[in-house]
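Reading the structure
Spelled out, the chains give:
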Amino acid sequence: MKDRPSGRKPLLVTVLVFPGVRLLDVTGPIEVFSSANDFGGRYRVRMVSPDGADVVTQAGTGLSVELSAAQVQDVSDVLVVPGGPEWPSLIKDDVLLDTVRALDARSRRTASICTGAFLLAAAGLLDGRTATTHWRFADQLALRYPRVTVEADALFVRDGHIMTSAGVSSGIDLALALVEEHLGADVARAVAKDMVVFMQRPGGQSQFSVRTRTPRARQEMLRRVLDAVAEDPSAPHTLATMARRAGVSPRHMTRLFHDEMTTTPARYVERIRMEAAQAMLEGGEDPMATVARRTGFGSPESLRRAFTRSLGITPGTYRARFRTTDATGTADDGAPVA
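Fair warning: this is a prediction, and the values are worked out from it, not measured in the lab. Per chain, residues are indexed from 1 in the order of the written sequence. This being a predicted model, a pLDDT of at least 70 is required before a residue's local features are given, and a value of 80 or more before pairs of side-chain atoms are given or counted; all residues contribute to the totals for chains, interfaces and linings. Excluding hydrogens and water, the side-chain figures rest on all heavy atoms present in the structure.

Some words on the overall build of the protein
Numbering of helices and strands runs from the N terminus; a helix is a DSSP stretch of H or I covering at least four residues, while a strand is a stretch of E covering at least two. Across its full length, the protein carries 15 helices and 11 strands. For the exposure calls, accessible area comes from a 1.4 Å probe over protein chains only, and a residue counts as buried if that area is under 20% of its type's maximum, exposed if over 50%, partly exposed in between. Buried residues in the protein amount to 51% of all 338 residues. Here, two residues are considered to be in contact whenever any of their heavy atoms come within 4.5 Å of each other. Taking all contacts inside the protein whose residues are at least 6 apart in sequence as the whole, residues at least 24 apart take part in 63%.

Observations regarding the sheet that holds strand E1 (residues 11-16)
Strand pairing follows a simple DSSP-based rule, namely that at least 2 bridges must link the two strands. Taken in spatial order, the seven strands line up as E5-E2-E1-E6-E7-E11-E10 in an open sheet, and their pairing is mixed. The sheet is open, and its two borders are formed by strand E5 (67-68) and strand E10 (156-159), each paired with just one other strand. Across three bridges, E1 lies against strand E6 (residues 78-81) in parallel orientation. Bridging from a neighbouring strand, Thr 14 pairs with Leu 79 of E6. Geometry is summarised by axes, namely lines fitted to C-alpha atoms with helices restricted to the contacting stretch, and by angles between N-to-C directions that run from 0 to 180 degrees. Strands in contact with helix H1 (residues 23-36) are E1 and strand E2 (43-49); relative to E2, the strand with the most contacts, it is inclined by about 155°. Relative to E1, helix H3 (residues 94-105) is tilted by about 170°, and along the sheet it contacts E1, E2, E6 and strand E7 (110-112).

Quick look at the packing of aromatic side chains
Two rings from Phe, Tyr or Trp (for Trp, the six-membered ring) form a pair when their centres are within 6.5 Å of each other. A pair whose planes differ by under 30 degrees is stacked, one over 60 is edge-to-face, and the rest are tilted. Taken as a whole and judged by the stated rule, the model has five aromatic pairs. Between Phe 33 and Tyr 43, the ring centres sit 4.9 Å apart and the planes meet at 45°, which makes this aromatic pair tilted. Separated by 10 residues along the polypeptide, Phe 33 in helix H1 and Tyr 43 in strand E2 bring together distant segments of the chain. Classification of Phe 33 by relative accessible area gives buried; the value is 1%. In this structure an aromatic cluster arises from ring pairing among Trp 87, Phe 118 and Phe 137.

Regarding the packing of helix H9 (residues 220-231) against helix H11 (residues 250-261)
Their axes nearest at 11 Å, the elements H9 and H11 cross at an angle of 90°. Comparing their axes, H11 and H9 come out roughly perpendicular. On the side of H9, the interface is formed by Met 221, Leu 222, Val 225 and Leu 226, while H11 contributes His 252, Met 253, Leu 256, Phe 257, Glu 260 and Met 261. Residues are grouped as follows: Ala, Val, Leu, Ile, Met, Phe, Trp, Tyr, Cys and Pro are nonpolar; Asp, Glu, Lys and Arg are charged; all remaining types, including Gly, are polar. Class assignment of the residues belonging to the contact of H9 with H11 gives a composition of eight nonpolar, one polar and one charged. In this scheme, roughly parallel covers angles under 35 degrees and roughly antiparallel covers those over 145, while 65 to 115 is roughly perpendicular and the rest are oblique.

Concerning H11
Spanning 12 residues, H11 covers 16 Å between terminal C-alpha atoms, matching the ideal 16 Å at 1.5 Å per step. Taken together, the buried positions of H11 are occupied by Met 253, Leu 256, Phe 257, Glu 260 and Met 261. In a view along the axis of H11, the buried residues occupy a sector of 95°, so they form one face of it. Turned more than 90 degrees away from the buried face of H11 sit Arg 251 and His 258, all of them exposed. Here a helix's expected span is defined as the number of its residues, less one, multiplied by 1.5 Å. Comment: arc refers to directions from the helix axis out to C-beta atoms.

Describing the pairing of E6
Here E6 shows two buried faces, one formed by Val 78 and Val 80 and the other by Leu 79 and Val 81. Inspection of the sheet shows E6 paired to E7 by three bridges, in the parallel sense. Each bridged residue has a counterpart across the sheet, and for Val 80 the counterpart in E7 is Ala 111.

Description of the confidence of the model for the protein
A score from 0 to 100, pLDDT tells how confident the predictor is in each residue. The predicted model of the protein averages 86 in pLDDT, with 85% of residues at 70 or higher. A low-confidence stretch, residues 3-7 stays under pLDDT 50, and its non-local contacts, those more than four residues away or across chains, total seven contacts. Within the model, pLDDT remains below 50 along residues 325-338, and this stretch shows 35 contacts once partners closer than five positions in the same chain are excluded.

Points about the packing of helix H10 (residues 239-246) against H11
Between H10 and H11, the shortest axis-to-axis distance is 9 Å and the interhelical angle comes to 90°. Looking at the two axes, H10 sits roughly perpendicular to H11. For the pair formed by H10 and H11, the contact residues are Leu 239, Met 242, Ala 243 and Ala 246 on the first element and Pro 250, Met 253, Thr 254 and Phe 257 on the second. Among the residues forming the contact of H10 with H11, the class breakdown is seven nonpolar, one polar and no charged.

In structure tokens form, the structure reads like this:
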């Protein structure tokens, strides 16, 4: 990361806007920084455009611009680069790309929202870095810019002084992470509560639920089984019980999972239970024994083994990382936070 802000003067956030920019890419982060000022923060947010002209967003809403990019002479603590649905034409706009490069050179932290990652990549700022964008466009980002390592399933990614985020709502997650970076976890937590959003979904958390990531089953009987697992992860979803629910033999049930879901029944059930456990750890303070029981793992030790196997961290560490993006100390299951 570039030099950290001193903290003795307002933290300057520069938001680059352009015709056709997605409105929530702009307003989501701005709302986070504005709310932080109610809890002791000192952010000053300004909008700039390449030529200094006001712009109309993709939603038809007008945005008032403070100055042109060429008039920016001071150093921003954060540069926000939003995206827009017309990104294929935006990445060919040399004036816009020159503006991105110039503003990045005068910023301590550069953060893209959604398809704003394409602007950073087209400007050469993501070369040799890891980044993310909206899941619909992740493959295109990787294909167009082979020097960028794309994490298609992350909510936001930090690499050096650059942060990239996924879909529009993940821009709020990214902004909360920046508030924590500048002002600490307590302020970020207060902002999240004020906005009625999660403190922070961890940057590496998946953009999708298990059910939305898996193919739609062709067989109605298999869909009933999948729905039953998702609705009550704590139930005894053994191969035999799932086969009985579907009215087929255990062998046939295994074949259905293999052919339609490209996994085994046991692995699918564990993925659903993992997702349920993650949600409980993110949103509450239940003891590990309660989390394990309600999500079907049975015991804290089984829960711990599943987390270590799937995520490489303990449940307590996961909970701590959800509370703060840069957690340190000891997790509530006794494991040191990595």
